[in-house]
Amino acid sequence: MEKITAVFKHSLLVLTWLVLWRLSVFTEYAPHASIWFPPAGFTFTCFLLLRWQALPAMFIACVLSTGWESLVFNDQRSLEQLLIAGSQFALLHCLVYGVSANLLRGSIDRISHHNLYAPVMRFLLTVATSSLVMATAGVLLLFGGPQLESFLATSLAWWIGDMSGILVLVPVFIGIVNRIYPRRGLLSALNYQPKTESRFSSFAGKLVFCWALVVGVVVLADHYQSSEIACLIFFLTLPQMWIVFTESPIRMAASLAMLSFLLALLVSILGVSEQAYIYQVAINVIACSAYFAMSVPALVADNRELHVEAKTDFLTKAVMRQHFIALTEQHLKHAKRYGHQTSLLLFDVDKFKQINDQFGHLAGDEVLRELASLVRSKIRSSDIFGRFGGDEFMLLLPQTSIENAFSVAETIRQGIAELTFSQPELAVSCSFGIARVDECEGFQKAFDEADRQLLKAKREGRNQTALRFAEP
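Every chain begins its residue count from 1, and numbering advances along the sequence as written. In keeping with the model being predicted, local features are shown solely for residues with a pLDDT of at least 70 and side-chain atom pairs are shown and tallied solely at 80 or more, while totals for entire chains, interfaces and linings include all residues. Just so you know, side-chain values use all the structure's heavy atoms and leave hydrogens and water out.

Draft legend 1. Representation of the overall build of the protein. The helix and strand labels rest on DSSP assignments: H or I over at least four residues marks a helix, E over at least two residues marks a strand, and numbering proceeds from the N terminus. Scanning the protein from N- to C-terminus turns up 16 helices and seven strands. Per-residue burial over the protein gives 50% buried out of 472 residues. The contacts in the protein between residues at least 6 apart in sequence include a share of 76% that link residues at least 24 apart. Think of it in three bands: residues with accessible area under 20% of the maximum for their type are buried, residues over 50% are exposed, and the middle band is partly exposed, with areas taken using a 1.4 Å probe on protein chains only. Any two residues having at least one pair of non-hydrogen atoms within 4.5 Å are treated as being in contact.

Draft legend 2. Inspection of the pattern of salt bridges at higher detail. Every case where a carboxyl oxygen of Asp or Glu lies within 4 Å of a side-chain nitrogen of Lys or Arg is listed as a salt bridge. Taken as a whole and assessed by the stated rule, the structure comprises nine salt bridges. One salt bridge in this structure joins K458 and D350, with 2.8 Å as the shortest N-O distance. Note that K458 is positioned in helix α16 (residues 443-459) and D350 in the loop between β3 (343-349) and α13 (352-359), a separation of 108 residues in sequence. For the pair K458 and D350, one class covers both residues: buried.

Draft legend 3. Quick peek at the pairing of strand β6 (residues 430-436). Most of β6 sits inside the fold, with seven of its seven residues counted as buried. Residues C430, F432, I434 and R436 of β6 are buried on one face, and the alternating residues S431, G433 and A435, pointing to the opposite face, are buried as well. Two strands qualify as a pair provided DSSP detects at least 2 bridges between them. Bridge count between β3 and β6: seven bridges; the pairing is antiparallel. Looking at the pairing, L345 lines up with I434 of β6.

Draft legend 4. Here's a closer look at the nonpolar core. To qualify as a nonpolar core, a set must consist of buried Ala, Val, Leu, Ile, Met, Phe, Trp, Tyr and Cys residues joined through side-chain atoms within 4.5 Å. M58, F123 and Y279 are the most contacted members of the largest nonpolar core, which totals 90 residues. When neighbours within four sequence positions are excluded, F123 is seen to be in contact with F44, L104, I166, L167, V170 and Y291. Within the second largest apolar cluster, 31 residues are counted, among which are F352, L395, A409 and I434.

What follows is the structure in structure tokens.
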């Protein structure tokens, strides 16, 4: 039963490939030249997701398409000639796209942070390179090579057609192949997380708008036989960006596929051969722009995350020392300008070394995490909570008098004394030192004063708050 199912699934792959091949023939604007070549995208997708298990189906599809092509063009080749030609095409097609897709798959699987930027870059480079190799090798081995009178033009048409088919259709084909092989799932790096989608009517309206622009440009360019008008097709990048930033990635991929199909259909129906290269290049440019636009938010988010990590303590999520000092200096300038009082709290855990020695460092880490969590729950969003190092913390309280700062310190100190931990016998207390930042000459002076008050609290018995400055 499992063998029958496997044969059926592979047959579906072969059938899908042949349907796509016939579609590319239907949209040809010249013999063996189409705006895009969907089978290339399907082959690439199958090897990307199924690896070399896709080889039998892809090979058979290529051989069958050669026979079908012979019937379409009635070239009177014998069965033996068709088998040889089909096998040559299948071997080259599967080798180039099989190797490139597997290399891309291995490369993507090694990416540690699965945002879209790295997969998109590698995908675009792989597609451009593999389609160029396929086009060049195909013309050399199958069409007589340099002896062919139109060698350069044929190679260029083949290259851009294959590249368009892969760039535009791989995201759509991933969904198709995963329906046939649902257990395989998407690659984690290609698992585009959908954003909140607009209503379908809104999406349909955007598609109709884009299609109207395509029809208008192609018809006018054909009517006036103007390459300049045909170049206006590149402006379709703008409405496509509109779709990218307002719709989910799957809708973006579907819009690209439909837009490209419409363009290929119009070129084929109108027989627009002179501007065909312009439209081919436009498809690739629009697709690349869409992928980059889709990956930019992920890249920005990843950079923002790295930026936050560089300024935030991993264990306690408190601000690191240098960033805390920089923020304090900014607040100090603001406080002096507007006459606001600003207070600085410096505190640490009493006998923290003994906690580590008696209960272990994991218990010490738990103490710091729970302490930091409690502090954040007791302060305002405008307050800045930082870790100086070890078990020593800082708290900047903008627009806060020293008396109010004392109240905040006492609230935190009492809350810490009431904390419970995984080891019930573990009890924790903290000592606090307070200084008025706006009365000192910069952060360092205020820190030194708060540190003196902290030492005073330690000498006088710990688990208390010490301060020097009083309200005027």
